[in-house]
Amino acid sequence: MQILDGKALALEIQHTIKQEVQELSKQQITPGLAVILVGDDPASQSYVNMKAKACSQTGIYSTTHKMPESITEEALLQTISMMNENPNIDGILVQLPLPKHINTTAILEAISPKKDVDGFHPFNMGRVFANLDGFIPATPMGVITLLEHYKIPIEGKNVVIVGASNIVGKPLGALFLNKNATITLCHIYTQNLAEHTKKADILCVGVGKPNLITQDMVKEGAIVVDIGITKLENGKIVGDVDFDNVAPKCSYITPVPGGVGPMTIASLLQNTIKAAKLRAQKETK
């Protein structure tokens, strides 16, 4: 059993990004990321702080717009419009989830597809499904990057994904399909989940339910990617997989924390650099 060390790979990616930022600075371009944080959800605040730290370490300019939970949808849309027009901002990220009185779809669609570094805009999502170049959602992108770094074959493999969200499950399925894997996408209405998971050469799980995947649900030699993350009452951070009992059966497995999480942030930075490079190309024309 080998650990898929997302933390170590993310540091390598950040080192490369730092060099790319220095190259862009020669063209008078400083990559800029704007983050919108609504309310004071501790998990969201923690994610935003980690993103800001990663930007600082790589030389990407970042700004966080903290807004009260009571903010109106109209005010939020006005802020996004202002960022869309700001030539120094390459990426716009709205930290989810948003308060219930705000239409998340309307907010995500308001972000310019050229600045949608989270890859959630329907335009970019459509390009992922059509296997065209665009901004790929950060977590699915991080999963694929991690598997490819460890030279894990994807073509022809049976891939089972548990969790069918627009942010992770669906785009991750599309990325695997684009790499010629056979996909099974499971969700809350899937019957006999174990029947599906036991057939997986590569099993990806992202639902936020601790210990959902147990030893008897995984075949010998499987590759397990745990995308879930939950903080237990005792303060311990765990994934969706019963790591201690499942790991011995696996050929590869991601830890939680230190697996997919750091890769998500690294992928977000890669998308921001991509947007900045597109700006540099436009300015040199």
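Look above for the structure.
What you see is a predicted model, and the numbers here were worked out from it, not measured in a lab. (Residues numbered from 1 in each chain as written. Predicted model: local features only at pLDDT ≥ 70, side-chain atom pairs only at ≥ 80, totals over all residues. Heavy atoms only, no water.)

Examining the overall build of the protein
Short version of the rule: Runs of E in the DSSP output that reach at least two residues are strands. Runs of H or I that reach at least four are helices, and both are numbered from the N terminus. Radius of gyration here is computed from C-alpha atoms only, and the compact-globule reference equals 2.2 Å multiplied by the residue count raised to the power 0.38. Only protein chains enter the accessibility calculation, which uses a 1.4 Å probe; a residue is then buried when its area is under 20% of its type maximum, exposed when over 50%, and partly exposed in between. By definition in these notes, contact holds between two residues if any of their heavy atoms fall within 4.5 Å. We get accessible surface area from the Shrake-Rupley algorithm with a probe of 1.4 Å; when it comes to residues, only the shown protein chains can shield them.
Across its full length, the protein holds 10 helices and 11 strands. For a compact globule of 285 residues, the expected C-alpha radius of gyration is about 19 Å, and the protein comes in at 19 Å, within 12% of that figure. If you line up the protein on its principal axes, its C-alpha atoms span 55 × 40 × 35 Å. Relative to its 285 residues, the protein shows a buried fraction of 47%. Look at the contacts in the protein between residues 6 or more apart in sequence, and 71% of them connect residues 24 or more apart. Of the accessible surface of the protein, which amounts to about 14,100 Å², a share of 52% is contributed by carbon and sulfur atoms.

Focus: the sheet that holds strand β2 (residues 32–38)
Hydrogen bonds along the backbone pair up the strands of a sheet, which may run parallel or antiparallel. Definition in use: One bridge is not enough; two strands pair if DSSP finds at least two bridges between them. Axis geometry follows a simple rule: fit a line to the C-alpha atoms, using only the stretch in contact for helices, then measure angles between N-to-C directions, giving values from 0 to 180 degrees.
Strand order across the open sheet formed by three strands is β3-β2-β4, with parallel pairing between neighbours. Every interior strand has two partners, whereas the edge strands, β3 (61–67) and β4 (91–94), have only one. For this sheet, the mean inter-axis angle between neighbouring strands, taken without regard to orientation, is 15°. Across four bridges, β2 lies against β4 in parallel orientation. Each bridged residue has a counterpart across the sheet, and for leucine 33 the counterpart in β4 is glycine 91. Contacts from helix α3 (residues 73–85) reach β2, β3 and β4, with the element oriented near 175° to β2.

Section: the pattern of salt bridges
Stated precisely, the cut-off is as follows: A side-chain nitrogen of Lys or Arg and a carboxyl oxygen of Asp or Glu constitute a salt bridge if their distance falls within 4 Å.
Applying the stated criterion across every chain yields a total of six salt bridges. Between glutamate 20 and lysine 277 there is a salt bridge, with its nearest N and O atoms 2.6 Å apart. On the criterion of sequence distance, the pair formed by glutamate 20 in helix α1 (residues 6–25) and lysine 277 in helix α10 (residues 260–284) is long-range, its members being 257 residues apart. The class of glutamate 20 is partly exposed, set by a relative accessible area of 24%.

Digging into α3
The following threshold applies: What a helix should span is 1.5 Å times the count of its residues minus one. The arc refers to the directions leading from the helix axis to the C-beta atoms.
Helix length check: α3, at 13 residues, gives a terminal C-alpha distance of 19 Å against a target of 18 Å (1.5 Å per residue), a fit within 8%. For α3, the full list of buried residues reads Leu76, Thr79, Ile80 and Met83. In an axial view of α3, the angular spread of the buried residues amounts to 95°, which keeps them on one side of the axis. Opposite the packed face of α3, turned more than 90 degrees from it, sit the exposed residues Glu74, Gln78 and Glu85. The inward-facing, buried residues of α3 contact β2, β3, β4 and α4 (104–110).

Examining the environment of lysine 115
Within the fold, lysine 115 resides in the loop between α4 and α5 (122–129). For lysine 115, a relative accessible area of 10% puts it in the buried group. Along the backbone, lysine 115 and lysine 274 are 159 residues apart, and their C-alpha atoms lie at a distance of 9.8 Å.

Quick look at the packing of helix α6 (residues 138–149) against α10
Selection criterion: Comment on the angle field: the value is read as roughly parallel under 35 degrees, roughly antiparallel over 145, roughly perpendicular from 65 to 115, and oblique elsewhere. Three residue categories are used. Nonpolar comprises Ala, Val, Leu, Ile, Met, Phe, Trp, Tyr, Cys and Pro, charged comprises Asp, Glu, Lys and Arg, and polar comprises the others, including Gly.
Packing of α6 against α10 brings their axes to within 7 Å, and their N-to-C directions diverge by 110°. The orientation of α6 with respect to α10, classified from their angle, is roughly perpendicular. Between α6, through Ala138, Thr139, Met141, Gly142, Val143, Thr145 and Leu146, and α10, the contact on the second element is made entirely by Val260, Met263, Thr264, Ser267, Leu268, Gln270 and Asn271. The residue makeup of the contact of α6 with α10, split by class, is seven nonpolar, seven polar and no charged.

Here we look at the side chain of aspartate 201
Operational definition: By the criterion applied in these results, polar contacts are pairs of N or O atoms within 3.5 Å in which, for protein atoms, one can donate a hydrogen and the other can accept it, and in which residues neighboring in sequence qualify only through two side-chain atoms.
Assignment of secondary structure puts aspartate 201 in the loop between α8 (193–197) and β7 (202–205). Looking at aspartate 201, the relative accessible area reads 19%, which means it is buried. A distance of 2.7 Å separates the side chain of aspartate 201 from the backbone nitrogen of asparagine 158, its partner in a polar contact. When near neighbours in sequence (up to four residues on either side) are disregarded, aspartate 201 contacts Lys157, Asn158, Lys219, Ala222 and Ile223.

Structural notes on the sheet that holds strand β6 (residues 182–186)
If you walk across this open sheet you meet the six strands as β1-β11-β8-β7-β5-β6, and the pairing is parallel. Both edges of this open sheet fall to β1 (2–3) and β6, since each of them pairs with a single strand only. Pairing geometry for strand β8 (residues 223–226) and strand β11 (residues 252–253), over two bridges, is parallel. Along β11, the bridge assignment pairs valine 224 with isoleucine 253.

Section: the environment of isoleucine 102
Locating isoleucine 102 in the fold gives a position in the loop between β4 and α4. Accessibility expressed as a relative area gives 5% for isoleucine 102, which makes it buried. Leaving out residues up to four positions away in the same chain, isoleucine 102 has contacts with Ile71, Glu73, Leu76 and Ile107.

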